[in-house]
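Notes for the structure review
The primary structure of each chain is shown beneath.
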Amino acid sequence: MKKTIVRGLSAGLAAAVALALAGCAGSSAGGGSVSGADYDGPKVEITFWHGWTGGAAPTIVPKLIEEFNAEHDNIVVKNVPQEWADIAAKMPLAIKAGKGPDVAVLHGDDLATYAAQKLLIPADDIIDNLGYSADDFPPAVFDKGNYDGSQYAVPWSVTPLGLFVNKEVLAKAGITEIPADKDGYVAALDALKDAGVQGEWVDGYVFTGTFEFQSLVWQFGGDLYNDDVTEATFNSDAGVEALTWMTDLVKNGYSPANVAQDGNIKALLAGETAFNWNGVWQTTNSAFGDLDWAAAPVPQIGDEKAVWSSSTHWVFPSNKGQDEDKTAAAATFVKWMNDNSLGWAETGELPAANTVREDPELLSTYPALEPFIGELEYAHYETVSPGINEANALITTAINEALTGKKTPQEALDDAKKKADAILEQNKAKYGG
């Protein structure tokens, strides 16, 4: 794995950590500081919680940690992998009890929920002293760590949606070029239909129907919520147009009805369909084997280029009695991990650090990532609002209801909006704001 040069860290990081922890009851008075690129305080063990338990991550994470530990005599990172659902259940209580991790990774749509409950250290000064700004990451992703005027997170990875293509199936319809816009995509679907192939199997599940719907809403000029996330707007004209596009895939015979979860990627692998809107993580799917396949940007169906992407972020938990030495050491770990994240692409996720993604070695090692990297200029990320996931779940319900014919797209989205608005009101009372 290629090493990148670690930029020097400000010697003021320890002071920044102390200031950040000042509001945390019982914070211990450590003496560590960061000199040059490294924490230089007394030896500490820091715990790192994350949810990467499958794929290549269980191999890569320990390898990176082992390398980091070997380079740092005064920091020992303890790797604590567990399911994401277990982190959501355990970490808030553990932080309140002073038994949470010193550093963790969260998805973008969880950040505001943790921040609103004061479970994370406001890290503006820490991040400034690490030398990070929004310009170090893809457009819009850094801001996902901002809540109520404070920055709580450092981006780690991004995972945009893309178009996966079975080129052998395309050839059956005489198609040699992957379509990039609506006209080309519909023409390809028609040619595939004439050849007896349903070209895109669309499903009503989070993976990946919800991600496709959200991409289309943004392409048609809409959004999921209003600016202050007090009202759902996914039932707008843009939302109805997006969901109608999806239901028309079934209506027009381009997709079978009632596609099972993951049925679309399985159909692509089996040669039963040509196109699948799916995440960059599929580039590491060993099931592709010798299949003649390609990845491309999702086609532009609407008037604007847009694509859904998830994101993950480093955070510093505000454990009761948190040791500032451990937080300073954790900041050194975060910086080192981002600077040495080129091999993280093996997990099917794009490193968030621009310097790493722009390294020519990334694409020479992982060429299938090129179309996904290109999409980052117009990617849309998770909504930042405490408790948002409960409202987001209603979007998936609406998609499923429309695709299965239980409701029209307008009815499904209107019903989901009413319920989502009630949840947003409850969240405001629960979390403030």
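What comes next concerns the included structure. Computed from a prediction, not measured in an experiment: that's the story for all the values here.

**Concerning the overall build of the chain**
- Across its full length, the chain holds 16 helices and 13 strands.
- Here the chain has a C-alpha radius of gyration of 23 Å; the compact-globule value for 433 residues is 22 Å, and the two agree.
- For the C-alpha atoms alone, the extent of the chain along its principal axes is close to 70 × 50 × 30 Å.
- Relative to its 433 residues, the chain shows a buried fraction of 56%.
- Considering only contacts within the chain whose residues lie at least 6 apart along the sequence, 80% involve residues at least 24 apart.
- Carbon and sulfur atoms make up 49% of the accessible area of the chain, which amounts to about 17200 Å² in all.

**Observations regarding a negative patch on the surface**
- Taken together, Asp-237, Glu-241, Asp-303 and Glu-304 make up a surface patch of like negative charges.
- Tracing the backbone through its elements, the reader meets Asp-303 in the loop between strand S10 (293–296) and strand S11 (307–315).

**Some remarks on the side chain of Thr-247**
- Following the sequence through the fold, Thr-247 ends up in helix H9 (residues 237–251).
- Look past the residues within four positions of Thr-247 in its chain and what remains in contact with it is Ala-402, Leu-403 and Pro-409.

**Observations concerning the environment of Asn-166**
- Among the structural elements, Asn-166 can be located in strand S8 (residues 153–166).
- For Asn-166, a relative accessible area of 0% translates into the label buried.
- Linking Asn-166 and Gly-271, residues 105 residues apart in sequence, is a C-alpha distance of 7.0 Å.

**Details of helix H4 (residues 108–116)**
- In terms of burial, H4 is a largely internal element, eight of the nine residues being buried.
- Buried within H4 we find Gly-108, Asp-109, Leu-111, Ala-112, Thr-113, Tyr-114, Ala-115 and Ala-116.
- Within two residues after H4, Lys-118 carries a phi angle of roughly 60°, on the positive side.

**A short note on unusual backbone geometry**
- With an omega of 15°, the peptide bond between Phe-207 and Thr-208 qualifies as cis.
- Tracing the backbone through its elements, the reader meets Thr-208 in helix H8 (residues 206–219).
- Residues other than glycine seldom take positive phi values, yet Asp-148 does so here, at roughly 55°.
- Inspection of the secondary structure assignment puts Asp-148 in the loop between strand S6 (146–147) and strand S7 (150–151).

Criteria and cut-off values
- Residues numbered from 1 in each chain as written.
- Predicted model: local features only at pLDDT ≥ 70, side-chain atom pairs only at ≥ 80, totals over all residues.
- Heavy atoms only, no water.
- Helix = DSSP H or I, 4+ residues; strand = E, 2+ residues; numbered from the N terminus.
- Rg over C-alpha atoms; globule rule 2.2 N^0.38 Å.
- Buried < 20%, exposed > 50% of the residue type's maximum accessible area, 1.4 Å probe, protein only.
- Contact = heavy atoms within 4.5 Å.
- Areas by Shrake-Rupley, 256 points an atom, 1.4 Å probe, with all protein chains shown as cover.
- Patch = residues over 30% accessible without salt bridge, like charges linked within 9 Å, V, L, I, M, F, W, Y side chains within 5 Å.
- Salt bridge = Lys/Arg side-chain N within 4 Å of Asp/Glu carboxyl O.
- Lys, Arg positive; Asp, Glu negative; His and termini not counted.
- Charge placed at Lys NZ, Arg CZ, Asp CG, Glu CD.

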